[in-house]
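Architecture and fold: a report
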Amino acid sequence: MAGDVLEEYLSSIDPARAPIVRLLDATIRQAAPELTCRIGYKMLTYVFGKDLRHWVIAVDVTTKAVCLRFLYGGFMDDPARVLRHGTSTLSTIDYRSLDGVDAELVAAYAREAGANHAAFKLRAGEARG
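Calculation notes
Residue positions are counted from 1 within each chain, in the order its sequence is given. With the structure being a predicted model, the display of local features is reserved for residues of pLDDT at least 70 and the display and counting of side-chain atom pairs for 80 or more, all residues being used for whole-chain, interface and lining totals. Water and hydrogen atoms play no part in the side-chain values, which are based on all heavy atoms of the structure. A helix here means a DSSP run of H or I that spans at least four residues, while a strand means a run of E at least two residues long, and both kinds are numbered starting from the N terminus. Put simply, the radius of gyration uses C-alpha atoms, and a globule should come to 2.2 Å times the residue count raised to 0.38. Accessibility here uses a 1.4 Å probe with only protein chains present; expressed as a share of the type maximum, an area under 20% marks a residue as buried, one over 50% as exposed, and anything in between as partly exposed. A carboxyl oxygen of Asp or Glu within 4 Å of a side-chain nitrogen of Lys or Arg is what we treat as a salt bridge. Each Phe, Tyr or Trp ring (for Trp, its six-membered ring) is paired with any other whose centre lies within 6.5 Å, and the angle between the two planes then decides the class: stacked below 30 degrees, edge-to-face above 60, tilted in between.

Counting secondary structure elements, the protein contains four helices and six strands. In the protein, the order of α-helices and β-strands from amino to carboxyl end is α-α-β-β-β-β-β-β-α-α. Since a compact globule built from 129 residues should have a radius of gyration of about 14 Å, the 14 Å found for the protein is in line with a globular shape. Structurally, the protein occupies a C-alpha span of about 40 × 30 × 25 Å along its principal axes. The buried share of the protein, reckoned over its 129 residues, is 48%.

All right, on to the pattern of salt bridges then. In total, this model carries five salt bridges according to the counting rule given. Across the pair Asp51 and Lys121 runs a salt bridge whose closest N-O atoms are separated by 3.5 Å. In this pair, Asp51 is assigned in the loop between strand S2 (43–47) and strand S3 (57–61) and Lys121 in helix H4 (residues 117–128), connecting sequence segments 70 residues apart. Assessed through its relative accessible area of 26%, Asp51 is described here as partly exposed. In this structure Lys121 comes out as partly exposed when scored by relative accessible area, which is 32%.

Glancing now at the packing of aromatic side chains. Any two aromatic rings considered together are summarised by their centre-to-centre distance and by the angle between their planes. Counted by the stated rule, this structure contains three aromatic pairs. With 6.4 Å between their ring centres and 20° between their planes, Tyr72 and Phe75 make a pair best called stacked. Here the two residues Tyr72 and Phe75 agree in accessibility, since each one is buried.

Below, the structure is given as structure tokens:
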């Protein structure tokens, strides 16, 4: 079933981007197996249960890159300094080639995003509040 979601998403994107998406997906699933993969907001999203609104990680394909998005990336540690901040909470890592993907880094960031999701979500609510 999880593979069906991936294949459905891959059928909607530029096939040239598929190898990057496959690598990111496999890395996220291995690093954060507690997350469920779904399609939401036209992205491959990784969520707790069915909480699509508060997704944890997403993979999005644009004309320029494959984007690895962290809903609460603005609160994450970023020792590699690779997160591009888009909003007060959202951060992204852009990949233009398969060679550019550091699977160990993706796994570390995915684990942090999953492990701290509840605290980040609370913090985001307080920041708006």
